[in-house]
Amino acid sequence: MFMKRTALAVLLLISPLLVQTVQPSERAAERLEMVREQIAARGVNDPATLQALREVPRHLFVPPDQSYAAYADGPLPIGYGQTISQPYIVAAMTELVRPGPNRKFLEVGTGSGYQAAVLVATGAEVYSIELIPQLARYGQANLARAGYPQVRTRSGDGYYGWPEAAPFDGILVTAAAEAVPPPLLEQLADGGRMVIPVGSRFFTQTLLLVEKRGGKFVTTNLMPVRFVPFRRAE
Amino acid sequence: MNPDGRLRRQQLAIGLISVALLADQLALLQLLATSQWHHFAYLVISVALLGFGAAGTLLSLARQWLLTRLERLLPLCLLGCALGLLLPLLAATFLFGQFDSYLLFVSFAEILKLLLVCLLLFLPFFCGALAIGLLFAAAPERIGSSYFANLLGSGLGCFVGLAGLELLFPEQLIPVCALLAWLAALPVLAVRRGAVGAAAAISVLILIAFLKPLPVQLSQYKDLRRTLDLPGAEILERRPGADGQVHLVQASQLRGGTAVSLNWRKELPRVQALFSNGDRVGGLDPHLVEESPDDASTLALPYALTTPQRVLILAAESGAAVAQAVRNGAKQVRAVAASRTLWQTLSASKVAQELLNHPRVDWRQSAPRTWLVRDRESYGLIILPTVGSFGGSSGLYALNEQPLLTREALQQAYRRLQPEGLLAVTVWFDYPLRKPLRLLATLAEALELEGGDSLQQLVAVRSWGTLTFCVKKSSFTVVELAGIRAFCARWGFDPLLLPGLTPAERQRHNRLQDAQLFVWFDQLLSPARQQLYADYPFRITPAVDDRPFFAQFLRWPFIADLIDLYGTRSMPFVELGLLVAALTTLVLLLLALALILLPLLRLPKGEGGLGRTLLYFSGLGLGYIWVELVLIHRFSFYLGQPVLALALVVGVLLIGSGCGSLLSGKLSAARPGRWSGVLVLLIVSYALLIPALEQVSLGWNLWLRALLGGFTLVPLALLMGLPFPLGLRRLAELTPAQVPWAWGVNGCLSVAGAAGATLIAVELGFQLMLLLAAGAYLLPLLAGVAIKPASSG
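Rules used in this analysis
- Residues numbered from 1 in each chain as written.
- Chains lettered and ligands numbered in written order.
- Predicted model: local features only at pLDDT ≥ 70, side-chain atom pairs only at ≥ 80, totals over all residues.
- Heavy atoms only, no water.
- Helix = DSSP H or I, 4+ residues; strand = E, 2+ residues; numbered from the N terminus.
- Buried < 20%, exposed > 50% of the residue type's maximum accessible area, 1.4 Å probe, protein only.
- Contact = heavy atoms within 4.5 Å.
- Domains from an automatic or database assignment.
- Core = buried A, V, L, I, M, F, W, Y, C linked by side-chain atoms within 4.5 Å.
- Pairing = 2+ DSSP bridges.
- Axes fitted to C-alpha atoms, helices over the stretch in contact; angles between N-to-C directions.
- Salt bridge = Lys/Arg side-chain N within 4 Å of Asp/Glu carboxyl O.

*Asks:* Which parts of the structure should I look at to understand the overall build of chain A?
*Replies:* Tallying secondary structure elements over chain A gives seven helices and nine strands in all. Expressed as a percentage of its 234 residues, the buried residues of chain A come to 59%. Of the contacts formed within chain A by residues at least 6 apart in sequence, a portion of 55% connects residues at least 24 apart.

*Asks:* Hey, could you run me through the domain arrangement of chain B in this one?
*Replies:* When the parts come together, some accessible area is lost, and that loss is often what is quoted as the size of the interface. Assigned domains of chain B: these are domain 1 (1-219), domain 2 (288-557) and domain 3 (603-793). The centre of domain 1 of chain B, based on its C-alpha atoms, is set 45 Å off from the matching centre of domain 2 of chain B.

*Asks:* Would you mind going over the nonpolar core with me for this structure?
*Replies:* Grouped burial of nonpolar side chains is what soluble globular proteins tend to show. With 208 residues, the main nonpolar core has F469(B) and F635(B) as its most contacted residues. In terms of residues, this core owes the most to one element, helix α5 (residues 108-138) of chain B, which gives 17 residues.

*Asks:* Quick question: what am I supposed to make of the sheet that holds strand β3 (residues 270-276) of chain B here?
*Replies:* For sheets, the rule is that strands pair by backbone hydrogen bonds, running either parallel or antiparallel. All names here are of chain B. Pairing is antiparallel across the open sheet formed by four strands, whose spatial order is β1-β2-β3-β4. Strand pairing shows two members of the sheet lacking a second neighbour, β1 (234-239) and β4 (279-284), which therefore form its edges. Looking at each pair of strands side by side, their axes are set apart by 25° on average, direction ignored. Across six bridges, strand β2 (residues 246-255) lies against β3 in antiparallel orientation. Each residue of the ladder has a partner; that of V249, found in β3, is A273.

*Asks:* Whenever I open this one, helix α5 (residues 114-121) of chain A confuses me. Can you help?
*Replies:* Given 3.6 residues to a turn, an α-helix orients residues that are three or four positions apart in the same direction. All names here are of chain A. Buried residues dominate α5, accounting for seven of its eight residues. Where α5 is concerned, the buried positions are Y114, Q115, A116, A117, V118, L119 and V120. Two residues or fewer past α5, G123 is found with a positive phi of approximately 100°.

*Asks:* Looking at this model, I keep getting lost on the sheet that holds strand β5 (residues 310-314) of chain B. Mind explaining?
*Replies:* Residues and elements named next belong to chain B. Here eight strands make up an open sheet; going across it, the order is β7-β6-β5-β8-β9-β11-β10-β12 and the pairing mixed. Because the sheet does not close on itself, it has two edges, and the strands there are β7 (361-365) and β12 (494-497). Between one strand axis and the next, the sheet turns by 20° as a mean value, whatever way the strands run. As paired elements, β5 and strand β8 (residues 379-383) share three bridges and run parallel to each other. For I313, the partnering residue across the bridge sits in β8 and is I383. Across the face of the sheet, helix α15 (residues 407-415) comes into contact with β8, β9 (417-428) and β11 (466-472) while running at roughly 140° to β9.

*Asks:* Which parts of the structure should I look at to understand the pairing of strand β6 (residues 168-173) of chain A?
*Replies:* In the case of a regular strand, side chains alternate between the two sheet surfaces. Residue and element names in this part refer to chain A. Judged by how many residues are buried, β6 sits mostly within the fold: five of six residues are covered. Bridge analysis of strand β3 (residues 104-108) against β6 gives four bridges, and the strand direction is parallel. For E107, the partnering residue across the bridge sits in β6 and is L172.

*Asks:* Would you mind going over the pattern of salt bridges with me for this structure?
*Replies:* All names here are of chain B. Scanning the model with the defined rule gives 35 salt bridges over all chains in all. Ionic pairing is found between E237 and R239, a salt bridge with its closest N-O pair at 2.6 Å. Accessibility expressed as a relative area gives 21% for R239, which makes it partly exposed. The network of salt bridges with shared partners includes R310, R334, D362, R364 and E377.

*Asks:* Teacher, can you tell me more about the environment of F122(B) here?
*Replies:* All names here are of chain B. Secondary-structure assignment places F122 in helix α5. Along the primary structure F122 and L85 are separated by 37 residues, whereas in three dimensions their C-alpha atoms are 9.5 Å apart. In this structure, F122 is in contact with V47, L50, G51, A54 and L595, ignoring residues within four places of it in sequence.

*Asks:* Would you take a moment to explain unusual backbone geometry for this structure?
*Replies:* Backbone geometry follows two general trends: most residues other than glycine have a negative phi, and most peptide bonds adopt the trans configuration. The amide bond that connects A166(A) to the next residue, P167(A), takes the cis arrangement and shows omega of 5°. Its place among the elements puts P167(A) in the loop between β5 (152-155) and β6. The backbone of R27(A) sits at a positive phi, close to 60°, despite the residue not being glycine. Tracing the chain through its elements places R27(A) in the loop between α1 (2-21) and α2 (28-39). If you check the backbone angles, A315(B) has positive phi at about 55° while not being a glycine. Mapping A315(B) onto the fold places it in the loop between β5 and α11 (320-327). With relative accessibility at 27%, the residue A315(B) sits in the partly exposed group.

Laid out in structure tokens, this is it:
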């Protein structure tokens, strides 16, 4: 933990320098491959989502010691028991809220900032809340360094959402709990969608989609890793 | 120096160091269970045995060299042990928080960390065992009394360790163990400036470690660590306990509710959370009158069907289910809490006072399963604890015994129901789907074995995250079915199992992308159930009392398929528990071979008959540890107090075996194998005796049961102490060159037996493990009854 805190502190200190040195084309080939192999191949086909994932430099949102695995097919730890989600989960969640210009999203759990960056790269307006202050600063610094300062971030309890900016066309709860906070459901626009990953935080196994229709809610359990028995009785 | 006086001092040293080493093992078990997971408990026991085995091997290889330096080496070993016992505390502060057991299978760095932990744990046991071995070797003619001091000390160490954990946290108990090891050095410490200086320095270190214990880092995967990472999180109370240390935590972000309906529009109340050994037990729900979020979850299903007069709530520690029963009008609620420490913490909480002193609630402290068997009353509603958790547990509890979730337990609960009574249990959905399927299979089989009809007496309701089953003693009425539908409509839930259910009703509010779940559920209630058991890649057959591992789903033949589906990196997140046990067994077996047996290859093997010697002593190594583990399992159920069962079984077996070894000095060593034959018969008769004992005395007072159980174990314990010293004595007379091999193979098989015992219990069951233990004791008999060189026999 001490090492991670130190790395975080160093990263925060040198982040202004890094902003000037990052090249958008850096590791572009890895991103193209990631989108082709891990995301499009698994059925994500929303053009805006795929384009955003090709653009956003994921390696700037992971701790330096994990940078080598930034485009690998899995989540990575970012400290404080949190992870940057597997690229496919980020893509699936983004596609589910139907991103694009003139749409407004709330993210609960900024974490590394990567999910917010992908959303904003589709042209959407993004608000993001992070509970843990150190992570909020970390995510904010990553977003600035990667060239997405327009994401509005703040540190606080995601339970209450961001009422001043409500209603939202979509809400992504990346740090889910045993119950969906009623204020978030209130802040979802009619016809809006909320996405929550369910399962181990270190290995998301399913996504929960909540749709608001005329003040009522319908949920759908989506299985990114579709599980069927290998040998079914014929 | 008076030889008798010296011998007494040496035996005192043996006794003290044995107390220290056993008590330390118990402290380490809890330390690792809290900071990592209980899987590492097996690691502690095996590494301790490895230390003993490796010390025996070193003693065999360099006996003369070591004995000529006994005066200097002995205090060095004991002080080294005292110092070494403090090392795991450093690991707990600087290493445990970084260690990632999920990455064990893909990251060499994590394997190195595991090996480093093993080494830190190994050193004090190696030093302590070497000191004991040196004292054994220094007075071979008194081996019986020295062995007695060793086993008596170990037996007492078990009680000291458990009593210590009642009063102290493990990071405080470990320095106490170090102090005992330090005290063991005093009787044999020669008054030299260096020795006294070292002893003084170590005593200061021990004092500092006790008074200012280093903070124990928790794995990032532990519930407690995640909660304490929340801004402003505060530990309101921390309480030591042999049945698990407890934390009561408050944070403004901690809120109540279990998969609450999205139609719940009120505030989710802030709650305090209880943790046992770092795992979340539940939130304290103080609402006894006004509606609470749990009333808008599937947990409330039984109250949509009935307002029961008498409710039994099993494993009621957090009090949430009790509060719900009170809120919903139950006239009399009997709440059974398993953990004494959790109960004490709850009693000290201001929030819980109203619930604890509520006139309609009768609190009892007992293991729920034992209560279920002992209780003779009947209930309108029995509620079992919720299975699984929101985040999924990734096979973490695969090796936990869950006696309340076996087919037999559900049958017993069913029998306790009044004619119109209900049995309710809730499970979190997991993906891939395992727990809900296994729970349904267990409920259906239990119900059918009791003569019920699972299509008419079993209903289930599903929310976005949980599934609640209700089993009724009789068929559901039309009014009750209408009540379930109204409950679902109010809260946006869907009936999953209901007599007369239409397919459209199953997905009205909570849809599934993959509707295969319905096919599986229907199949489990049809004659095709067995086919699904066979085809499903996870184990979903009901857990039974003999294999009470509800959360163990891994089927070895399907591992390759699962890795294909999830990849090696993700696989541990699906099924961790058994994989860790298998990996640690393998690592420890290799270490045992490398540290215990391989070095012995340099020694002469005697004049033949080595095979028989190895057979004799390997059988003893395996048999002893397996008998011990099976008895702990059976006594946990019998006494209803797992910690007391552990203390009683280990304590009586060790002290009894110590007395047996003392007695062995008066017996002829001519045919030592015959005692193993007697043991085989005794173990088989215990397999028959213990169920009879449970039948007769389960209703007795706890301490009477403990007394009876303890006395029952005495003959077995005494006999188990005979074959080893008798065999050694015989070997020393006939083929002294094989004595080190006897020690070595016994140590090696004890390590492997302890590490592999879990795998055997999970795969084959405890009954077969007891028979295997009897089989292991058959080996010394097969070795030729008497140990002797092949040429002479």
